[in-house]
Amino acid sequence: MKKDISIILSGEAGQGIKTIELLIIRALKNSGFNVFSTNELMSRVRGGNNTTEIRVSGKRVQAYVDRIDILIVLSKNAISRIENRLTKGTIIIGQDSFIEKKYKNGQYNIKDVAISSLAKEVGGMIYSNIIIYGLIAGIFDINLNLIKEYITKHFSTKGKEITDNNINAVIKGYEKGKGLKLGIQVEKDEKTKKQVLLSGSESIGVGALAGGCNFITAYPMSPSTGVIHFLAKHSEEYGVVVEQAEDEISAINMIQGAWYAGARAMTTTSGGGFSLMVEGISNAAITEVPVVIHLAQRPGPSTGLPTRTEQGDLNLALYAGHGEFPRIIFAPGNFTDGIYLTQKAFNLADKYQVPVIILTDQFYIDSYQSIKSIDFSNFKVENYITKTHKNYKRYKITEDGISPRGIPMLGDGFVRFDSHEHDERGFITEDFDIRKKMVDKRLKKLELYSKESIDAEIIGSKNYKTLMVGWGSTYGVIKEVIQELNDNDTAFAYFKQVYPLPNNTKKILSKAKKLIIIENNATSQFGQLIKRYTGIEFTKHILKYTGMPFSLEEIIEKLNGLK
Amino acid sequence: MKKNYDFDQIPETGWCPGCGNFAILKVLKDALDELNIDPQKLVISAGIGQAAKTSQYINSNCFNGLHGRALPVATGIKVSNPDLVVVAEGGDGDMYGEGGNHFIHAIRRNIDVKNIVHNNMVYGLTLGQASPTSRKEFKTPLQIEGVYLEPFNPIAVAISLGASFVARAFSGDMNQMKKILKKAINHKGYALVDIFHPCVSFNKINNFKWFKNNTYYLEEEYDCTNKMEALKKAFETDKFPLGVIYINEKNKTFSENLIAYKNDKRPLYKREVNPQDVEKLLSSN
């Protein structure tokens, strides 16, 4: 019985690999397997070579692995890019003509499945992906009725003929998969049936709705757009204003108008778009209007690698905006935290009237995984809007720095927001004394927030000597490394709040004899941040900036190299 | 006598004596007052510039944000609370230069915002450079041999985008300006009022007299619903037409198009949100 199996689907853009992924992970999950899937795509709509990795496991996994147990080849030239990931045991499934001669030297276990001719028997090449869905289901011996049910659901709007053809296709694939007699058996975990399957994008979207988000505007940019698509899909039910902005500058300013008038608004973008928002973030800071920004990182500078992953924009998020002002930055590493932190972001933005940034990346956003169900009764939409009176002062100097925020038409006062330095009533001032008081007032809010900061989490041995430090989407892979190592000396410090640094930062880092920082970037931006605020310097780094996420094997190998 | 929109104490303005902004400020306040618009319901979204300072001198709600960004802010405000009367105000550089892209798309959205643009064909607050509407050959400390760019034509752009209301006024004629502003405020949908006005400090060419001599009022019988006729008017430059140049009532407003207002007309702040209602999105299938 295997611990886990990794399946790679390799083909061209436009072949419907995504459909296979979505159908099969659901079927596997509901048959008692833990699943995790992630894809790496070229920035094109057709052709090229894209791969999707699906891990089927007895335990919960959330990491990319190099190892390929089963490779399903959907097109020509689909192996060479990933040939260094093949092992002796790799099973390669595909039609003979797609598998180049050099792989047929007996090293690999090749299974010739004539997918095109099967597809033609059903009605055309378009059915190839559904045949592959059936094939994988057959390999894992999933209940055929379940498989058919998903097909019926998936094609419910396409009419009877198309549905019937797809059912024929799935049956053909299924029989073929069983007929291969691969004898693959993975431990089952019945709990998965009750779990919830979702993508990174969906985790941010669900979190936003749970945080009371009723306004989203964004300019489309990979990999951040999934969030606004999700909210658009549910906009009628939850009453969300959804608008495609003409540019990111518009988006960041529009959400400020929305909060000003009483909405709970967010925008979603990637590095280039966020760069355009920088002036707007500074405006939110001085007008003290709340904003929630989701920043899904991809490798830069500039256009960089549009469809790939990196943790290269931490410094951008940290320092964006002219002038000095507080902000809060979260970096969820798993989907449960993605939901939790995004809903919290709305409450905090409202309470402290500061920009709250949620940092994710392409790897996080485009992955799928099942999570334990979440108790939504713990969530509360906290509303800090105040009813104004006749002499309402928008920027009243208060002890804790928070001036009660009114909105127009709620109360008798006027609500005056100003981007200039202003007095308590919101009028332009150049009085140096008031200026200083206003700067102090704004900065105080961060001190106040620090009292409810979210601590870094220790995963692994509490009596660690070696501590691996990571933030955001490296959570899954570092956690699995800890499980693989299974030693009492090593732990992982997972930071889901990256700014301000959590209160336990210095304490947990000082306890370790050896510190290793792991980041999906070239300059260890988080390591630099920690050094700046704690004086603790990292001498051991594991950094990756190829555009791909870390693999499990890669971190283990690099750790061994550091010994 | 203190009227609505007046402060208890008259604020000191940052404008030069003789500036056209004074007339615009007075007329806007009077127009709002005469239309019985409750100052509690008004929000002025302004950018940065001498014109945008108007928001500082009106006793009401305001969001005085970034240069060029008054329209996106106004859009966010209006769509979050459609009960508000929202004015986006600024100068020609603010709205047509820095905010040019937003100008185009606010028109396309047909957001129910009154877009008042003080057009003096020059940059005042930055001390005298060319604006998008500066006429050719206009010399400035930066355009030392004169402007060689084709002037931006906001009226033609707005009409070609199907704007729902397009007008031009002149600050030197307060009566007519008030009539035009009142029509704009009463109009449902996006309304552009481009107001010619002299800059006494930095534009010695397009002064009061120049505007007086280079403009005329559209005749009573002019049909402002005919798009092609309106475009012809928009391209007249020997003498610029004043008045309501184009009205297009065919399109729904932005808020009317939104799914969020399909089943619920209440402004967003009045809607209760229950996070428990979101749980069902995470069904185990």
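Right, let's walk through the structure included here. Nothing here was measured: the structure is a model prediction, and the numbers come from that model.

It is worth spelling out the overall build of chain B at this point. Counting its regular elements, chain B contains 9 helices and 8 strands. Overall, chain B is about 70 × 50 × 40 Å in size when its C-alpha atoms are taken along their principal axes. Counting only residues that meet the buried cut, chain B has 61% of its 285 residues in that class. Pairs at least 24 residues apart make up 69% of the contacts formed inside chain B by residues separated by at least 6 positions. Carbon and sulfur atoms form 51% of the exposed surface of chain B, whose accessible area is close to 12,200 Å². Counting 35 positive and 31 negative side-chain charges, chain B places the centres of these two groups 2 Å from one another.

With that out of the way, let us pick up the pairing of strand β5 (residues 165-170) of chain B. Residue and element names in this part refer to chain B. The buried count for β5 comes to 6 of 6 residues, which makes it a mostly enclosed element. Burial along β5 is two-sided: F165, A167 and A169 facing one way and V166, R168 and F170 facing the other are all buried. One ladder, built from 4 bridges, connects β5 with strand β8 (residues 240-247); its direction is antiparallel. When the bridges of β8 are listed, V166 appears paired with Y246. As paired strands, β5 and strand β6 (residues 191-196) are joined by 5 bridges and run parallel to one another. Bridge assignment links A169 to a residue of β6, and that residue is I195.

This brings us to helix α4 (residues 144-154) of chain A. Residue and element names in this part refer to chain A. Those residues of α4 not exposed but buried are L146, I147, Y150 and I151. One side of α4 carries all its buried residues, which in axial view fall inside an arc of 140°. Exposed residues on α4 whose side chains face more than 90 degrees from its buried face are N145 and K153. Where α4 begins, one side-chain oxygen reaches toward the backbone nitrogen of N145, 2.7 Å away; that side chain belongs to N143.

Let us look at the pattern of salt bridges. Residue and element names in this part refer to chain A. Counted under the stated rule, the structure contains 55 salt bridges over all chains. For K102, the salt bridge is made with E83, and the minimal N-O distance between the two is 3.3 Å. One end of the pair, K102, is in the loop between β5 (91-94) and β6 (109-112); the other, E83, is in the loop between β4 (70-73) and β5, with 19 residues separating them in the sequence.

Before going further, it helps to spend a moment on the packing of helix α9 (residues 248-260) of chain A against helix α2 (residues 70-80) of chain B. Contact geometry of α9 of chain A with α2 of chain B gives a least axis separation of 6 Å together with a crossing angle of 40°. As judged from the angle between their axes, α9 of chain A and α2 of chain B are oblique. At the point where α9 of chain A passes α2 of chain B, the crossing takes the right-handed sense. Packed against α9 of chain A, whose contacting residues are S250, N253, M254, G257, A258 and Y260 of chain A, the element α2 of chain B presents P72, V73, T75, G76, I77 and S80 of chain B at the interface. Here the contact of α9 of chain A with α2 of chain B is composed, by residue class, of 6 nonpolar, 6 polar and no charged.

Residues and elements named next belong to chain A. Position of N520 relative to the elements: it lies in the loop between β22 (514-519) and α17 (525-534). By relative accessible area, which is 2% here, N520 ends up buried. A polar contact of 3.0 Å, which involves the side chain of N520, links it to the backbone oxygen of K544. Not counting chain neighbours up to four residues away, the residues in contact with N520 comprise T309, E310, Q311, G312, K544, M548, P549 and F550.

A word on the state of the cysteines. Structurally, a disulfide amounts to a covalent bond that connects the sulfur atoms of two cysteines. In the structure shown here, the tally under the stated rule is 0 disulfides over all chains. In this model C19 of chain B remains outside any disulfide bridge; the closest cysteine sulfur is found in C16 of chain B, 6.2 Å from its own.

Interface size is commonly expressed as the accessible area that is lost once the parts come together. Contacts between the two partners involve 54 residues from chain B and, on the opposite side, 67 residues from chain A. Taking both sides of the interface into account, the surface hidden between chain B and chain A amounts to around 5,100 Å²; carbon and sulfur atoms contribute 61%. As a salt-bridge pair, R109 of chain B and E243 of chain A come within 2.6 Å of each other at their nearest N and O atoms. Inspection of the region where chain B meets chain A yields 23 residue pairs in polar contact (both at pLDDT 80 or more). With 7 residues, the single largest contributor to the side of chain B that touches chain A is α2 of chain B. The residue makeup of the side of chain B that touches chain A, split by class, is 25 nonpolar, 20 polar and 9 charged. Pairing analysis gives 3 bridges linking strand β17 (residues 416-418) of chain A to strand β2 (residues 61-64) of chain B, with the strands arranged parallel. Residue pairing for β2 of chain B: F417 of chain A is matched across the bridge by F63 of chain B.

As a further point, take unusual backbone geometry. Residue and element names in this part refer to chain A. Residue P301 is bonded to the preceding G300 through a cis peptide linkage, with omega at -5°. Among the structural elements, P301 can be located in the loop between β11 (291-297) and α11 (314-319). The peptide bond linking Y499 to P500 adopts the cis configuration, its omega dihedral lying at -5°. With respect to the helices and strands, P500 occurs in the loop between β21 (497-499) and α16 (505-510).

Here we take up the environment of A218 of chain A. Residues and elements named next belong to chain A. Inspection of the secondary structure assignment puts A218 in strand β8 (residues 215-218). Remark: the alpha-carbon pair of A218 and E243, spanning 25 residues in sequence, is separated by 7.0 Å. If we ignore the near neighbours within four places in the chain, the residues touching A218 are I228, E243, Q244, A245, A251, T267 and T268.

Here the focus is the sheet that holds β2 of chain B. The mixed open sheet is built from 9 strands, whose spatial order is β17(A)-β2(B)-β1(B)-β3(B)-β4(B)-β6(B)-β5(B)-β8(B)-β7(B). Both edges of this open sheet fall to β17 of chain A together with β7 (215-217) of chain B, since each of them pairs with a single strand only. Each strand axis lies, on average, 20° off the axis of its neighbour in the sheet, ignoring direction. Where helix α1 (residues 20-34) of chain B meets the sheet, its contacts fall on β1 (42-46), β3 (85-91), β4 (114-119) and β6 of chain B, and the angle it forms with β4 of chain B comes to roughly 160°.

On to the side chain of D194 of chain B. Residue and element names in this part refer to chain B. Counting through the fold element by element, D194 comes out in strand β6. The class for D194 is buried, based on a relative accessible area of 0%. Residues contacting D194, with those up to four places away along its chain left out, are Y96, V117, N119, P154, I155, A167, R168 and A169.

This paragraph deals with the packing of aromatic side chains. Residue and element names in this part refer to chain A. What the rule picks out here adds up to 29 aromatic pairs over all chains. Seen in terms of ring centroids, F335 and Y364 are 5.1 Å apart; in terms of plane orientation they differ by 85°. Their pairing is edge-to-face. With F335 in helix α12 (residues 335-352) and Y364 in helix α13 (residues 362-366), this pair connects stretches of sequence that are 29 residues apart. Each of the two residues, F335 as well as Y364, counts as buried. Ring centres 6.2 Å apart and planes at 45° place the aromatic pair W471 and F526 in the tilted group. Of this pair, W471 sits in strand β19 (residues 466-471) while F526 sits in helix α17; the two residues are 55 residues apart in sequence, bridging distant segments of the chain.

Residue and element names in this part refer to chain B. The contact between α1 and helix α6 (residues 174-186) brings their axes to 9 Å, and the two run at 50°. The orientation of α1 with respect to α6, classified from their angle, is oblique. The handedness of the crossing between α1 and α6 comes out as right-handed. Between α1 and α6, the contacting residues are A23, I24, K26, V27, L28, D30, A31, L32 and E34 on the first element and M174, M177, K178, L181, K182 and I185 on the second. Its residues assigned to classes, the contact of α1 with α6 comprises 10 nonpolar, no polar and 5 charged.

About the criteria used
Residues numbered from 1 in each chain as written. Chains lettered and ligands numbered in written order. Predicted model: local features only at pLDDT ≥ 70, side-chain atom pairs only at ≥ 80, totals over all residues. Heavy atoms only, no water. Helix = DSSP H or I, 4+ residues; strand = E, 2+ residues; numbered from the N terminus. Buried < 20%, exposed > 50% of the residue type's maximum accessible area, 1.4 Å probe, protein only. Contact = heavy atoms within 4.5 Å. Areas by Shrake-Rupley, 256 points an atom, 1.4 Å probe, with all protein chains shown as cover. Lys, Arg positive; Asp, Glu negative; His and termini not counted. Charge placed at Lys NZ, Arg CZ, Asp CG, Glu CD. Pairing = 2+ DSSP bridges. Arc of directions from axis to C-beta. Polar contact = N/O pair within 3.5 Å; in protein donor to acceptor, adjacent residues only side chain to side chain. Salt bridge = Lys/Arg side-chain N within 4 Å of Asp/Glu carboxyl O. Axes fitted to C-alpha atoms, helices over the stretch in contact; angles between N-to-C directions. Parallel < 35°, antiparallel > 145°, perpendicular 65-115°, else oblique. Left-handed = near helix turned anticlockwise from the far one by under 90°. Nonpolar A, V, L, I, M, F, W, Y, C, P; charged D, E, K, R; others polar. Disulfide = S-S within 2.5 Å. Buried area = accessible area lost by both parts, 1.4 Å probe. Phe/Tyr/Trp six-rings, centres within 6.5 Å; stacked < 30°, edge-to-face > 60°.

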